[in-house]
Amino acid sequence: MTPTRVLVLNSGSSSLKYQLLDMRDSSRLAVGLVERIGEQTSRLRHTPLASGETREQSGPIADHETALKAVAEELARDGLGLDSPELAAIGHRVVHGGMFFTEPTVIDDSVLTEIERLIPVAPLHNPANLTGIRTARALRPDLPQVAVFDTAFHTSMPESAARYAIDPRIADRYRIRRYGFHGTSHAYVSRETARLLGRAPEEVNVIVLHLGNGASASAVERGRCVDTSMGLTPLEGLVMGTRSGDLDPAVIFHFARVGDMSMDEIDTLLNKRSGLFGLCGDNDMREIRRRVDEGDEAAALAFDIYIHRIKKYIGAYYAVLGQVDAVAFTAGVGENAAAVRAAAVAGLEGLGLAVDEELNAVRSDDARLISPASARVAVAVVPTDEELEIATQTYALVGKKS
Ligand code: ADP
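Residues numbered from 1 in each chain as written. Predicted model: local features only at pLDDT ≥ 70, side-chain atom pairs only at ≥ 80, totals over all residues. Heavy atoms only, no water.

**Section: the packing of helix α1 (residues 64-77) against helix α3 (residues 126-139)**
Right, so step 1: Two elements in contact, α1 and α3, have axes separated by 9 Å at closest approach and are oriented at 55°. In terms of orientation, α1 and α3 fall into the oblique class. Regarding α1 and α3, the two cross each other, and that crossing is right-handed. Contacts between α1 and α3 involve H64, E65, L68, K69 and A72 from the first element and T131, T135, A136 and L139 from the second.
Right, so step 2: Split by residue class, the contact of α1 with α3 holds four nonpolar, three polar and two charged. (Axes fitted to C-alpha atoms, helices over the stretch in contact; angles between N-to-C directions. Helix = DSSP H or I, 4+ residues; strand = E, 2+ residues; numbered from the N terminus. Parallel < 35°, antiparallel > 145°, perpendicular 65-115°, else oblique. Left-handed = near helix turned anticlockwise from the far one by under 90°. Contact = heavy atoms within 4.5 Å. Nonpolar A, V, L, I, M, F, W, Y, C, P; charged D, E, K, R; others polar.)

Below is the structure:
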């Protein structure tokens, strides 16, 4: 029997998200999440898709190893155990692959060492990702495990887009450059947008707007990323749920010198207490829209700043690409908030961009066009699927090797 299942693991510092997929038809067999690992109030939620009935358990789960074992037990109850010969590989989401990892990579000891070497540029994410990998390897040492990097899709960026204007020797010493994130999503969505247009990815230029709690834009030229809005870390670029996105770096000196704040305080302020949340106290776009509709001024200003920044990036990437076939909206806000899509494109008719009000109002889980038929540039809503992309990349690699 050829194994066709792939388990996708996304390990955060206190969470473990997973999906088991069957790559014959890319279907989900089970999905789930362990939250608050290391606390007394941990919770595991597991849904086998065959029955669709979610099972939940709460109580302390001390660490990732215990969490993965609990997940394995849940899967086994559905006849989907990790010891099944049908399991082909485990695909791990790894946030930072630096310049080194340009593609998904089968994990061995040297790969682990390299991911570890990248911890200084991804102190929050890579340690958690590594813990997930080590735990899974201990459980199934014989099984191919693949690392799929958030940064990989962006390694095609030219130096002109990837470098900051600082002395390259200093930049290289500290590995400072624009890496970009959400790459798995940008890769998937740009390809799906081409498919929606009935064309090959190599034939089209797409601006992808990944608007979730974290948010980033990318310019994709004929299937290759040529620019993206996140940089050394996910802090740069668009206004996000709790991150400021672009600001004058001198703001940081000012906080330190005039505000007498520590680096950690500034880091927390800009990453966790800024963006939409910092502007109006809410980071959920549904709540912000509700407040805007009620005439709340702080929410309206937050919304306007958020939209202004998106527009700037659409314009910038239009110029970077020279010619654009489609603008694609994705992730929680991009897929669901019609008001954001309409506002982001409003006034851009000169660039060939427009949204059809009726099409934009349609709610659907399918990729769809929302621009009028006559528009020069297609505007699309393309639901992202990072887990499917990780599974697809993992399976392609393992299939090639075996
Ligand atoms: P992440 O993966 O970055 O945590 P998601 O892509 O899941 O984020 O997006 C989450 C965000 O999507 C929420 O914070 C909320 O702002 C927004 N969102 C989700 N559903 C809706 C909706 N129906 N209308 C508007 N915004 C929504």
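**Side note on the UniProt feature "binding site: Mg(2+)" (unreviewed entry) in the protein chain**
Right, so step 1: UniProt feature "binding site: Mg(2+)" (unreviewed entry): in the numbering of this structure it lies at N10 and E386. Taking the farthest pair of C-alpha atoms as the criterion, the annotated set spanning 377 residues converges on one region, since that pair is 10.1 Å apart.
Right, so step 2: Structurally, N10 is set in strand β1 (residues 5-11).
Right, so step 3: Setting aside anything within four residues of it in sequence, one finds N10 in contact with S15, L16, K17 and R93.
Right, so step 4: On the secondary structure map, E386 appears in helix α15 (residues 386-401).
Right, so step 5: Those residues within four positions of E386 in sequence are excluded, and the remaining contacts are T184, S185 and H210. (UniProt positions renumbered as here; feature names shortened; annotations may be inferred.)

**Looking at the packing of aromatic side chains**
Right, so step 1: Under the defined criterion, the tally for this structure stands at three aromatic pairs.
Right, so step 2: Here the aromatic rings of F101 and F149 are separated by 4.3 Å at their centres, their planes lie at 10°, and the arrangement is stacked. In this pair, F101 sits in the loop between β6 (87-94) and β7 (105-106) while F149 sits in strand β8 (residues 145-149), placing the two residues 48 residues apart along the sequence. A single burial state applies to F101 and to F149, both of which are buried.
Right, so step 3: One aromatic cluster in this structure is built from F100, F101 and F149.
Right, so step 4: Positioned above the aromatic ring of F303, the side-chain terminus of R289 is 4.5 Å from the ring centre. (Phe/Tyr/Trp six-rings, centres within 6.5 Å; stacked < 30°, edge-to-face > 60°. Buried < 20%, exposed > 50% of the residue type's maximum accessible area, 1.4 Å probe, protein only. Lys NZ or Arg CZ within 6 Å of the ring centre and 35° of its normal.)

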